[in-house]
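Summary of the model geometry
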Amino acid sequence: MPHTTTPDGVDIAYQIRGEGEPLVLLAGQANNHHWWDGVRDDFHAGRSTITLDYRGTGESDKPDKPYSTEDFALDVIAVLDDLGVDQADVYGTSMGGRVAQQLAARHPDRVRALVLGCTSPGGPHGVERDDAVRTSLAQAQPGAARQALLELMYTPAWLAAHPGPYRTLGDPGMPAHARRRHLVASNQHDAWQLLPDIDAPTLVVHGSDDLLNPAVNASLIANRIPGARLHMIPGARHAYFEECRAVASPLVLDFLTTVP
């Protein structure tokens, strides 16, 4: 697995598959590149995909120091530089969408087109999950919090038909300090003032029944980024990109293909 080193000395592992125009896929909070395993091949018709293990995850370094979504965006830049990729399409979901916002706003020359999935602008303008959801994720009973997260990610019908393994529940090899650092980075994200600066063509995608990251955030982002398109997937929860891949993957590919 190739690695590169960021300007602040962090070793970042990355993965590249397929051939063609590059598409960067950014995973959710406290997850490594395996977040995309269930759908990655959907994008390989004429494209290459680039993923990375954020600092704190996978095969990357796990320093015990503050992380931020801006830091994660710089991790992406380090990977693109190492590959000699001047510009790429970027598809970020959940916290990966927050990282993608930072990337597109602060490094506009590196992003050709942008897809933001099941994400939030963060800060005081972002709509947070309600207290019932927070309580369900903080249960002390073994397995209860995991089951709550599964039910926020997927519909009961999908879970009944797909007994696992599940790739979106967090990197099991993360040390506790890195998991805490990821949580803080996601919670401190605030891109509200940056969103109007995004000039890459942008598609915002969200499941209508997402309670983990409330669906209202999708319209907030789409209305804030000039010219952004919005697509809601009816009945989908947070992991819409996997459960509803038959809709979501062609939607994303069609958008990226039609961008001039």
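One can find the structure itself at the top, above this paragraph.
What comes next is a walk through the structure.

The next point concerns the overall build of the protein chain. When helices and strands are counted, the protein chain shows 9 helices and 8 strands. Taken over the C-alpha trace, the protein chain has a radius of gyration of 17 Å; the compact-globule value for 260 residues is 18 Å, and the two agree within 12%. Dimensions of the protein chain, computed from the C-alpha atoms along their principal axes, are close to 45 × 40 × 35 Å. Counting across all 260 residues of the protein chain, residues that qualify as buried make up 54%. Long-range pairs, those at least 24 residues apart, make up 74% of the contacts in the protein chain with a sequence separation of at least 6. About 10800 Å² of surface is accessible on the protein chain, with carbon and sulfur atoms providing 51% of the total. Here the protein chain contributes 21 positively and 32 negatively charged side chains, and the mean placements of these two sets differ by 3 Å.

Glancing now at the environment of Leu 23. Within the secondary structure, Leu 23 sits in strand β3 (residues 21-26). Residues Leu 23 and Phe 43, spaced 20 residues apart in sequence, show a C-alpha to C-alpha distance of 8.2 Å.

Here we take up the layout of surface pockets. Size it by volume and the largest pocket reaches roughly 860 Å³. Of all the secondary structure elements, the ones that give two or more residues to the lining of the largest pocket are α2 (95-106), α3 (131-137), α4 (144-153) and α6 (176-188). Per-element accounting of the lining of the largest pocket gives the leading share, 5 residues, to α6. Its residues assigned to classes, the lining of the largest pocket shows 14 nonpolar, 12 polar and 7 charged.

Glancing now at the packing of aromatic side chains. In this structure the tally under the stated criterion is 9 aromatic pairs. Where Trp 35 meets Phe 241, the ring centres are 5.3 Å apart and the plane angle is 25°; that geometry is what we call stacked. A residue pair is termed long-range when its members are at least 10 positions apart, and Trp 35 in the loop between β3 and β4 (47-52) and Phe 241 in helix α8 (residues 240-243) qualify at 206 residues. In this structure Trp 35 comes out as buried when scored by relative accessible area, which is 3%.

This next bit is on the environment of Val 24. With respect to the helices and strands, the residue Val 24 is situated in strand β3. Overall, Val 24 belongs to the buried group, its relative accessible area being 1%. Along the primary structure Val 24 and Leu 80 are separated by 56 residues, whereas in three dimensions their C-alpha atoms are 9.1 Å apart. Ignoring anything within four residues of it in the chain, the contact list for Val 24 reads Ile 50, Val 76, Leu 80, Ala 88, Asp 89, Val 90 and Tyr 91.

Between Gly 164 and the following residue, Pro 165, the backbone shows a cis peptide bond with an omega angle of 5°. Within the fold, Pro 165 resides in the loop between α5 (156-161) and α6. For Ala 30, which is not glycine, the phi torsion reads 60° and is therefore positive. Within the fold, Ala 30 resides in the loop between β3 and β4. Unusually for a residue other than glycine, Cys 118 sits at a positive phi of about 40°. Residue position: Cys 118 is located in the loop between β6 (111-117) and α3.

Analysis parameters
For every chain, the first residue of the written sequence is number 1, and numbering continues from 1 onward in sequence order. Restriction of local features to residues with pLDDT of at least 70 applies here, the model being predicted, together with a cutoff of 80 or more for giving and counting side-chain atom pairs; totals for whole chains, interfaces and linings are based on all residues. With hydrogens and water set aside, each side-chain value is computed from the structure's full complement of heavy atoms. Helix and strand assignments come from DSSP, with helices taken as H or I runs of at least 4 residues and strands as E runs of at least 2, each series counted from the N terminus. The atom set for the radius of gyration is the C-alpha atoms, and the globule formula is 2.2 Å times the number of residues raised to the power 0.38. Think of it in three bands: residues with accessible area under 20% of the maximum for their type are buried, residues over 50% are exposed, and the middle band is partly exposed, with areas taken using a 1.4 Å probe on protein chains only. We call two residues contacting when some pair of their heavy atoms lies within 4.5 Å. Using a 1.4 Å probe, accessible areas were evaluated by the Shrake-Rupley method; residue-level cover was limited to the displayed protein chains. Counting rule for charge: Lys and Arg are taken as positive, Asp and Glu as negative, and neither His nor the chain ends is counted. A charged residue contributes its charge at one atom only: NZ of Lys, CZ of Arg, CG of Asp or CD of Glu. Think of a 1 Å grid over just the protein atoms. A cavity is a set of points where a 1.4 Å probe fits yet cannot get out, a pocket is an open set with protein on both sides within 12 Å along at least five of seven lines, and lining residues have an atom within 4 Å of a point. Grid points are joined across faces, edges and corners, and a volume is the space filled by probe spheres set on the points. Classification used: nonpolar for Ala, Val, Leu, Ile, Met, Phe, Trp, Tyr, Cys and Pro, charged for Asp, Glu, Lys and Arg, polar for all others including Gly. Within 6.5 Å between ring centres, the rings of Phe, Tyr and Trp (the latter by its six-membered ring) count as paired, and their orientation is classed by plane angle as stacked under 30 degrees, edge-to-face over 60, tilted in between.

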